[in-house]
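# A structural walkthrough
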Amino acid sequence: MADVPAAVVVPRMKLGSQGLEVSAQGLGCLGMAGFYGPPKPEADMIKLIHHAVATGVTFLDTSDFYGPHTNELLLGKALQGGVREKVQVATKFGLRTGEDGDREVHGHPAYVRVACEGSLQRLGVDCIDLYYQHRIDEKVPIEVTISEIKKLVEEGKVKYIGLCEASASTIRRAHAVHPITAVQLEWSLWSRDAEEEIIPTCRELGIGIVAYSPLGRGFFTSGPNLIGSLSDQDFRKISTREP
């Protein structure tokens, strides 16, 4: 990776109170997998990841749902050649597309374990730095799901546990089973409902907050003409929220 002037290196910060340290700015890899238009060329995306790491962006975010699986495989290739030791990898489990094409949420312990093993293999790593439950399975008590991830922590396959799009009460219940390091949620100028209960709860419990779509999924950088410029394959044309 090319040297980058020190003036542009991204600072680091503590995420939550459990010891995880990451770059203050992360790199979300969802857009590389095809949700925002067609999948991007693999070689270009690997170069992008390497450039981000060279500038100090060490917090890399993916999910087994992105692709599915292809985004983790891409990131796994980018982590080769000594990059893994320089970054903190976050991935997620709990979402998949059913045979009918609808999105399914899974939090059963057996599924958690299979999903984790698959992510480890695709990423080519021995341990996932931050493992999120991508969405909360209302059919499975959160205590049951977190208990299984806790076992993965004890086995050395996961370092820290996170939740995505969880309510304040769910966060409290999960945190009582094992400390939650981070909660990922949509937070921007036009998505601020989390400020009522969820963010105060995280601050009270010492849980870090990872905001996705802070620029309104491109609206705040492109303006109201954004939708007209998107391809028919872009997820933003049919949904107001990311997967």
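This text goes with the structure placed above it.
Presented here is an overview of the structure given in this document. Note that the coordinates shown come from a computational prediction; the quantities given were computed from them, not determined experimentally. (Residues numbered from 1 in each chain as written. Predicted model: local features only at pLDDT ≥ 70, side-chain atom pairs only at ≥ 80, totals over all residues. Heavy atoms only, no water.)

## A look at the sheet that holds strand β10 (residues 182-186)
Taken in spatial order, the seven strands of this open sheet run β3-β4-β5-β8-β9-β10-β11, and their pairing is parallel. Looking at strand neighbours, the two that pair on one side only are β3 (26-28) and β11 (208-212), the edges of this open sheet. Between one strand axis and the next, the sheet turns through 25° on average, direction left out of account. Both strand β4 (residues 59-61) and strand β5 (residues 88-93) contribute to a ladder of three bridges, which runs parallel. (Pairing = 2+ DSSP bridges. Helix = DSSP H or I, 4+ residues; strand = E, 2+ residues; numbered from the N terminus. Axes fitted to C-alpha atoms, helices over the stretch in contact; angles between N-to-C directions.)

## Focus on the pairing of strand β9 (residues 158-164)
Along β9, six of the seven residues are buried, which leaves the element largely enclosed by surrounding structure. Judged from the five bridges that link them, strand β8 (residues 128-133) and β9 form a sheet pairing that is parallel. Looking at the pairing, L130 lines up with Y160 of β9. Viewed along the sheet, the connection from β8 through helix α4 (residues 142-154) into β9 turns out right-handed. With three bridges joining them, β9 and β10 adopt parallel strand pairing. (Buried < 20%, exposed > 50% of the residue type's maximum accessible area, 1.4 Å probe, protein only. Right-handed = clockwise from strand over helix to strand, strands pointing away.)

## What about the nonpolar core?
By size, the foremost hydrophobic cluster in this structure holds 47 residues, and its most contacted members are Y131 and L163. Filtering out sequence-adjacent residues up to four positions away, L163 remains in contact with Y132, Q133, I136, I142, I146, I171, A174, I180, A182, V183 and Q184. In terms of nonpolar packing, the next biggest core, distinct from the first, is built from eleven residues, V22, F59, C164 and A182 among them. (Core = buried A, V, L, I, M, F, W, Y, C linked by side-chain atoms within 4.5 Å. Contact = heavy atoms within 4.5 Å.)

## Details of the pattern of salt bridges
Going through the model one piece at a time under the given rule, you end up with 17 salt bridges. Between E148 and R113 there is a salt bridge; the shortest N-O distance is 2.9 Å. On the criterion of sequence distance, the pair formed by E148 in helix α4 and R113 in helix α3 (residues 109-123) is long-range, its members being 35 residues apart. Note that E143 and R173 form a salt bridge whose closest N and O atoms lie 2.9 Å from each other. (Salt bridge = Lys/Arg side-chain N within 4 Å of Asp/Glu carboxyl O.)

## Observations concerning the environment of H134
Looking at where H134 falls in the secondary structure, it is placed in the loop between β8 and α4. For the pair H134 and S63, spaced 71 residues apart in sequence, the C-alpha separation works out to 8.0 Å. Only 3.1 Å separates the side chain of H134 from the side chain of S63, close enough to count as a polar contact. (Polar contact = N/O pair within 3.5 Å; in protein donor to acceptor, adjacent residues only side chain to side chain.)

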